[in-house]
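# Report on the structure
What follows is each chain in one-letter form.
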Amino acid sequence: MVLVEDDRYSIPMAVAAFKKLVFKDKILAIIGLASPQTTALFSQIEKNKLPTITYSGMLTMTTPFKRYIFNHSTDYGDQAMMLIDYVMKDLKEKDARFAIATGDAVWGKRAIEASKERLERYGLKLLDIEILPMTLIDATTEAMNLKRSNANYVLALHGVSASVAVYSSSKKLWYSPTFLAGDASCPDVVIPMAKSAAKGIIGI
């Protein structure tokens, strides 16, 4: 049996849902908490020995080691570095110009820092950094800034809504870089949501 609780991306609601699921419903494990909610519940997860599969792209989920936290992927910093390496080493791009669209959170800052660090190895810099709100549905301004930067590769390391907004808004502006998408920026739902704007996305 699967029990579902919606925390609405809210820490207080996540804590309340956690307590209900653990103490009333006596669950075996929990799946799907995002970064802020998992972080807030670290001590409770440990105390109750509850296996938790988090939907978080943060290095702090696994470093230092946490016995009951299981991550679905590597963190956004590692993802950014792998995507950059793919362009430079596998695609052997001679004229790579990078920008990034990410969130104003710990995971977004980690993605930016890692991108800068990896690009420095190739003698390159980020041409633009766009910080997007979680619930963004129109990214015209951000897409315009990306287009002005003349980046031909844009690292998209965010959630579905903000990523689709960037893809769609860029298409409307006749801007078609190759989007290098982190895992949360390229799940199956992106294609029907972004439609033709999803063409050419390279997902992690």
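Preceding block: the structure.
## Overview of the nonpolar core
The biggest cluster of nonpolar side chains holds 32 residues, and the ones touching the most others in it are F18, V87, F98, I100, L155, L157 and L180. Broken down by secondary-structure element, the contributors of at least two residues to this core are helix 1 (11-24), helix 4 (76-90), strand 4 (98-103), helix 5 (106-121) and strand 6 (153-157). Among the elements that take part in this core, helix 4 stands out by supplying 6 residues, more than any other. Not counting residues within four places of it along the chain, the set of residues in contact with L155 comprises A80, L83, I84, A99, I100, A101, S115 and L180. One finds A165, V166, F179 and A181 within the second-largest nonpolar core, a separate group that totals 21 residues.

## Overview of the packing of aromatic side chains
Centre-to-centre distance and the angle between the planes together describe a pair of aromatic rings. Counted by the stated rule, this structure contains 3 aromatic pairs. With a centroid separation of 5.5 Å and 80 degrees between ring planes, the pair formed by Y76 and W107 is classed as edge-to-face. Of this pair, Y76 sits in helix 4 while W107 sits in helix 5, and the two are 31 residues apart along the sequence. Of the residues examined, W107 reaches a relative accessible area of 7% and is grouped as buried.

## Structural notes on the sheet that holds strand 3 (residues 69-71)
In space, the 3 strands of this open sheet follow the order 1-2-3, with parallel pairing throughout. Each having just a single partner strand, strand 1 (30-31) and strand 3 make up the two edges of the open sheet.

## So, the pairing of strand 4
The side chains of a regular strand alternate between the sheet's two faces. Judged by how many residues are buried, strand 4 sits mostly within the fold: 6 of 6 residues are covered. Neither face of strand 4 is exposed, since F98, I100 and T102 on one face and A99, A101 and G103 on the opposite face are all buried. Direction of pairing for strand 4 relative to strand 5 (residues 126-132): parallel, over a ladder of 5 bridges. Note that in strand 5 the partner of F98 across the bridge is L126. This β-α-β element, strand 4 to helix 5 to strand 5, shows right-handed connectivity. When strand 4 meets strand 6, the two strands line up parallel, connected through 5 bridges. Note on strand 6: the bridge partner recorded for A101 is A156.

## Notes on the environment of K171
With respect to the helices and strands, the residue K171 is situated in helix 7 (residues 160-172). Measuring from C-alpha to C-alpha, the distance between K171 and S10 comes to 32 Å, with 161 residues separating the pair along the chain. Apart from residues lying up to four places away in sequence, K171 is in contact with S196 and A197.

## Notes on the side chain of D75
In this fold, D75 is placed in the loop between strand 3 and helix 4. The exposure class assigned to D75 is buried, which follows from its relative accessible area of 3%. Leaving out residues up to four positions away in the same chain, D75 has contacts with G57, M58, L59 and R110.

## Digging into the side chain of D7
Here D7 lies in the segment before helix 1. The side chain of D7 sits in the buried core without any salt bridge; R8 is the nearest counter-charge, 8.1 Å away.

## Examining the pattern of salt bridges
On inspection of all chains with the given rule, the structure shows 6 salt bridges. In this structure, the salt-bridge partner of D85 is R118, at a minimum N-O distance of 2.5 Å. Of this pair, D85 sits in helix 4 while R118 is found in helix 5, placing the two residues 33 residues apart along the sequence. In this pair, the class of D85 matches that of R118, namely buried. Its salt-bridge partner being D95, residue R97 comes within 2.4 Å of it at the nearest N-O pair. Residue R97 is classed as partly exposed on the basis of its relative accessible area of 22%. By sharing partners, the salt bridges in this structure join E5, K20 and D25 into a single network.

## Concerning the environment of Y76
Owing to a relative accessible area of 5%, Y76 belongs among the buried residues under this scheme. Counting along the chain gives 30 residues from Y76 to V106, while the straight-line C-alpha distance between them is 9.9 Å. Beyond its immediate stretch of four places on either side in the chain, Y76 contacts G57, W107, A111, L157, H158, D183 and A184.

Here is what the cut-offs are and how they apply
Residues numbered from 1 in each chain as written. Predicted model: local features only at pLDDT ≥ 70, side-chain atom pairs only at ≥ 80, totals over all residues. Heavy atoms only, no water. Core = buried A, V, L, I, M, F, W, Y, C linked by side-chain atoms within 4.5 Å. Buried < 20%, exposed > 50% of the residue type's maximum accessible area, 1.4 Å probe, protein only. Helix = DSSP H or I, 4+ residues; strand = E, 2+ residues; numbered from the N terminus. Contact = heavy atoms within 4.5 Å. Phe/Tyr/Trp six-rings, centres within 6.5 Å; stacked < 30°, edge-to-face > 60°. Pairing = 2+ DSSP bridges. Right-handed = clockwise from strand over helix to strand, strands pointing away. Lys, Arg positive; Asp, Glu negative; His and termini not counted. Salt bridge = Lys/Arg side-chain N within 4 Å of Asp/Glu carboxyl O.

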